[in-house]
Amino acid sequence: MSSDVIVVGLGYVGLPLAILAAEAGHTVTGYDLDTGRVKRLLAGESYVEDVTDARIAAAISCGRFNPTATEAELGAFDVAIIAVQTPLRDGAPDLSYVESAIRVLAARLRPDATVILESTVYPGTTEEFAGPLLAELSGLRPGPDFRLGFSPERIDPGNRSWNLASTPKLVSGVDGKSLTAVRAFYDSFVQRTVPVATPKVAELAKLIENTFRHVNIALTNEIGMFAAELGIDVWAAIDAASTKPFGFMPFVPGPGVGGHCLPVDPVYLSWRVHRTLGKRFRFVELANDINDQMPQYVLQRLSAGLNTRRKCVNGSRVLALGMAYKRGTGDTRQSPALSVIDGLLRMGAQVRVADPHVVEETSVDHQVVRVDVTATELAAADAVLILTDHDEFDYQVVAEKSGYVLDCRGRLTAGSVIELL
Ligand SMILES: NC(=O)c1ccc[n+]([C@@H]2O[C@H](COP(=O)([O-])OP(=O)(O)OC[C@H]3O[C@@H](n4cnc5c(N)ncnc54)[C@H](O)[C@@H]3O)[C@@H](O)[C@H]2O)c1
């Protein structure tokens, strides 16, 4: 069955979803306030790794995908998806983007239409915030008059094994009819939907997934810092522990966490717990503390490494490999690599940076020189810092030509010129 779909927010989540729904035969209007993004889409150009230019051009040319930044161009819909950002403001959830998306949709809401929230939110948002606001603005009730549900996005940008279609999709609704409608929509283009009893279960499930990752990364970062002081190779120890076929899942140290999810989502949960129960979520607070201090730890380690070589950070030429928050993406939001680069600049280093995925020139300070990773660049650097282990870097050349490497991602083997974080 083909539906008229509106996707509000064409970012890392909304764009892949809009294209996949269009490819499944739905007629999708993609609405985004960012005129620059819409212009690029209309020119058949993608800004998200997981969606190719060809797919965008094909979806537009067959009339199934219509990106727009003009609210007046939006009509009525059968299904609407909200995929706008949900950041923090002053340490608390900022639902203002969700609210503005709801206002746009409420004006076009018809009986029996379906509204689905995909943005990551705290438990209770769909039933206690989205539903009442839609009802107040439209005069229609969620459940009896229109369908409402929550389906968290699990997309992992750059992941080649799991994508939007192959990753099981949690679906929920405020009542049975809503669940059926939400599920039917996703069943038209994902391989497997997993229904859960209420939107709160789905909202919490999403936050459990991200908090689990956040806490385990912090645990491994703390173990890594102690192991370095104890003179033990933590990477080898993690590899060894990973041979246990049950009860263990490997996480590796790194320069910190970034992106839109890990630095933010656990706080949505701890905020909700504190707000509703008056209790502190100590695991989340501790994980935040540890992960936040990692860029500073990287600077300390680099400083110590240069010191061993009778150099100091001030005046040294440092070549940083990677700006994105993780491998395979050009997303620099809250990237720890940028914090490290800022710290290096403050300490007086001459910073040069290579990142084949990051196209925006605005990501780093103008003092930073963008370069390609060449043998000459590597040899001229006092220190090479691997901050994001993109597959495009030639690690053999990095190992052969560099005088000193601090590898924060465990991509190289430790040796006389190579240190692992
Ligand atoms: N990026 C990820 O890997 C990922 C994974 C899972 C879940 N999520 C969650 O999905 C949501 C979206 O994340 P994202 O990374 O796609 O964000 P994004 O910032 O890339 O995209 C959001 C888009 O929404 C647009 N927007 C905001 N308010 C709008 C409005 N009222 N009308 C129209 N457009 C509007 C913005 O201009 C922006 O282009 C967040 O809640 C995030 O936590 C993200």
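Refer to the structure above for everything that follows.
Residues numbered from 1 in each chain as written. Predicted model: local features only at pLDDT ≥ 70, side-chain atom pairs only at ≥ 80, totals over all residues. Heavy atoms only, no water.

Trainee: Is there a simple way to think about the sheet that holds strand S15 (residues 405-407) in this case?
Mentor: Sheet strands pair by backbone hydrogen bonding; their relative direction is either parallel or antiparallel. Spatially, S13-S12-S11-S14-S15-S16 is the arrangement adopted by the 6 strands of the open sheet, whose pairing is parallel. With partners counted over all chains shown, the strands left at the sheet margins are strand S13 (369-370) and strand S16 (418-420), one partner each. Bridge analysis of strand S12 (residues 350-354) against S13 gives 2 bridges, and the strand direction is parallel. The partner of Arg352 across the bridge, within S13, is Val369. Contacts between helix H10 (residues 282-308) and the sheet are confined to strand S11 (317-321), strand S14 (383-386), S15 and S16, with S14 contributing the most and set at about 155 degrees to the helix. (Pairing = 2+ DSSP bridges. Helix = DSSP H or I, 4+ residues; strand = E, 2+ residues; numbered from the N terminus. Contact = heavy atoms within 4.5 Å. Axes fitted to C-alpha atoms, helices over the stretch in contact; angles between N-to-C directions.)

Trainee: In this structure, what is going on with the site of the ligand? I would like to understand it.
Mentor: Within the structure, the ligand sits among 26 residues, and Val13, Asp32, Arg37, Thr86 and Ser100 are positioned closest to it. Separating a nitrogen atom of the ligand from a backbone N or O atom of Leu33 is a distance of 3.3 Å. One of the backbone N or O atoms of Thr120 is found 2.9 Å from an oxygen atom in the ligand. Here the ligand has 830 Å² of accessible area as a free molecule, and 95% of this is covered by the chains. In terms of residue count, the dominant contributor to the shell around the ligand is helix H4 (residues 96-106) (3 residues). Tallied by class, residues from the shell around the ligand come to 12 nonpolar, 8 polar and 6 charged. (Near = heavy atom within 4 Å. Polar contact = N/O pair within 3.5 Å; in protein donor to acceptor, adjacent residues only side chain to side chain. Areas by Shrake-Rupley, 256 points an atom, 1.4 Å probe, with all protein chains shown as cover. Nonpolar A, V, L, I, M, F, W, Y, C, P; charged D, E, K, R; others polar.)

Trainee: Can you walk me through the packing of aromatic side chains in this structure?
Mentor: Aromatic ring pairs are defined here through the distance separating the ring centres and the angle between the ring planes. Overall, the coordinates contain 7 aromatic pairs when judged by the stated rule. Between Tyr122 and Tyr268, the aromatic rings sit 6.5 Å apart at their centres with planes inclined by 35 degrees, giving tilted as the arrangement. Taken as a pair, Tyr122 in the loop between strand S7 (114-117) and helix H5 (125-138) and Tyr268 in helix H9 (residues 265-277) lie far apart in primary sequence, 146 residues in all. With a relative accessible area of 12%, Tyr122 lands in the buried category. Ring plane angle 80 degrees and centroid distance 5.1 Å describe the contact between Phe185 and Phe189, whose orientation is recorded as edge-to-face. (Phe/Tyr/Trp six-rings, centres within 6.5 Å; stacked < 30°, edge-to-face > 60°. Buried < 20%, exposed > 50% of the residue type's maximum accessible area, 1.4 Å probe, protein only.)

Trainee: Please clarify how the sheet that holds S7 should be interpreted in this entry.
Mentor: A sheet is described by the order of its strands in space; here 6 strands give the open sequence S3-S2-S1-S4-S7-S8, paired in parallel fashion. Bordering the open sheet on either side are strand S3 (65-68) and strand S8 (147-150), each of which pairs with just one other strand. Between one strand axis and the next, the sheet turns by 15 degrees as a mean value, whatever way the strands run.

Trainee: Just checking my understanding: could you explain the pattern of salt bridges for this structure?
Mentor: A side chain with one charge may pair with a side chain of the opposite charge, provided their charged atoms come close. Counted according to the given criterion, the structure contains 26 salt bridges. Close ionic contact of Lys169 with Glu153 constitutes a salt bridge, the shortest N to O distance being 3.9 Å. Taken together, the residues span a long stretch of sequence, with Lys169 in strand S9 (residues 169-171) and Glu153 in the loop between S8 and S9 at a distance of 16 residues. For the pair Lys169 and Glu153, one class covers both residues: buried. Linked by salt bridges that have partners in common, Arg160, Arg327, Asp389, Asp391 and Arg411 make up one network. (Salt bridge = Lys/Arg side-chain N within 4 Å of Asp/Glu carboxyl O.)

Trainee: Explain the pairing of S14 to me, please; I cannot follow it from the model alone.
Mentor: Along any regular strand the residues' side chains alternate between the sheet's two faces. Covered by surrounding structure in S14 are Ala383 and Leu385 together with Val384 and Ile386, the residues of both alternating faces. In this structure, S11 lies alongside S14, joined through 4 bridges in parallel fashion. Bridge pairing in S14 places Leu319 opposite Val384. In this sheet, S15 lies alongside S14 in parallel orientation, the contact comprising 3 bridges. Its bridge partner lying in S15, Val384 is registered against Val405. As a crossover connection, the stretch from S14 through helix H13 (residues 395-401) into S15 is right-handed. (Right-handed = clockwise from strand over helix to strand, strands pointing away.)

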